[in-house]
Amino acid sequence: MSRRLLALALLAGTALPAAAQDKLGNDVTIYAGYRFGGDLTDVATQDKWEASEAGSFALALGLGVDAWRQYQLFFSRYRGALQPGGFLTPVTQIGLSITYLHFGGTYFFEPTGSGPYVAGGLGLTNFDPSEPGFGSETRFSMSIAAGYQLPLSPRFALRLEGRGYATLVNSGSSFLCSGGCVVQIQGDTFAQGEVLAGLAVRF
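Residues numbered from 1 in each chain as written. Predicted model: local features only at pLDDT ≥ 70, side-chain atom pairs only at ≥ 80, totals over all residues. Heavy atoms only, no water.

Asks: Explain the nonpolar core residue by residue, including any values.
Replies: Core analysis: the largest hydrophobic core is formed by 28 residues, its most contacted members being Leu82, Leu176 and Phe190. Listing elements by their share of this core, those giving two or more residues are strand E3 (48-51), strand E4 (54-64), strand E5 (69-84), strand E6 (94-108), strand E7 (115-129), strand E9 (156-175) and strand E10 (185-202). Counting residues per element, this core draws most heavily on E6, which supplies 5 residues. Here Leu82 is in contact with Leu40, Trp49, Glu50, Ala51, Gln93, Ile94, Leu96, Leu176 and Ile185, once residues within four sequence places are set aside. (Core = buried A, V, L, I, M, F, W, Y, C linked by side-chain atoms within 4.5 Å. Buried < 20%, exposed > 50% of the residue type's maximum accessible area, 1.4 Å probe, protein only. Helix = DSSP H or I, 4+ residues; strand = E, 2+ residues; numbered from the N terminus. Contact = heavy atoms within 4.5 Å.)

Below you can see the structure in the form of structure tokens.
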């Protein structure tokens, strides 16, 4: 009987950490970031309008698949502007908020969920100009990321991440123009980069 109890205790001892790890396979990460890159073309002059660099914030929900992988829902937003790339124009800049919403996944190179990882996703980009005469647009986009996760405790971890975005604008005429635009812009692909630092909370 004592041998059976010992065997059951050992079995429970090995099963509990695995169950706890499965329970902690989900997380929410809140990021502060910095967004850069991206340009569109002036229809009249063929000069570039460049997206300003600015701070951003992001939120990621990870749902564990196994010890290495997660499904991920990723949201990132920044508020910047389109600025003329060194040419004269009656409009000095176009205030612009850009939001990404992607569904994808994360792969950790260590089963503990620490150390380096890669991530990616597919979804939508929303361009929301603040100037009169311009209208918001939503386009298909994708992202790819590489990062490092440093555990702080069983439930908290620090994440450092770099992420790149590519949005298929595919506009041969005016883009963001809802009528009466002083400036008309167009583009095919809009690319941006972002560096992020975040706190992940596991549950």
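Asks: Give me the environment of Gly25: which residues, what numbers.
Replies: When you line up the elements, Gly25 lands in the loop between helix H1 (2-23) and strand E1 (27-36). Its relative accessible area of 15% is what places Gly25 among the buried residues. Those residues in contact with Gly25, other than ones at most four positions away along the chain, are Gly62, Leu63, Gly64, Gln70, Arg202 and Phe203.

Asks: Describe the pairing of E5, naming the residues involved and giving the relevant values.
Replies: Here 3 bridges tie E3 to E5, and the two strands are oriented antiparallel to one another. Bridged to Ala51 within E5 is Leu82. In the sheet, E4 pairs with E5 via 9 bridges, with the strands oriented antiparallel. If you follow Gly64 over to E5, its bridge partner there is Gln70. Counting the residues that bridge the hairpin from E4 to E5 gives 4 residues. Taken together, the 14 bridges between E5 and E6 define a ladder with antiparallel strand orientation. When the bridges of E6 are listed, Gln70 appears paired with Thr106. (Pairing = 2+ DSSP bridges.)

Asks: How would you summarise the packing of aromatic side chains if you had to cite specific residues and measurements?
Replies: On inspection of all chains with the given rule, the structure shows 7 aromatic pairs. Note on Tyr107 and Phe109: the rings are 5.5 Å apart at their centroids and 90 degrees apart in plane angle, and the pair reads as edge-to-face. Just above the ring of Tyr117 sits the side chain of Arg159; from NZ or CZ to the centre is 5.2 Å. The cationic tip of Arg163 hangs over the ring face of Phe74; the distance from NZ or CZ to the ring centre is 3.8 Å. (Phe/Tyr/Trp six-rings, centres within 6.5 Å; stacked < 30°, edge-to-face > 60°. Lys NZ or Arg CZ within 6 Å of the ring centre and 35° of its normal.)

Asks: So, the confidence of the model for the protein: which residues are in play, and what are the values?
Replies: Mean pLDDT over the protein stands at 85; residues scoring 70 or higher make up 82%. Looking at the elements of the protein, mean pLDDT is at its lowest for H1, recorded as 41, and at its highest for E1, recorded as 98. Low pLDDT, under 50, characterises residues 1-23; the stretch is placed with 3 contacts to residues that sit more than four places away or in other chains. (pLDDT = per-residue confidence, 0-100.)

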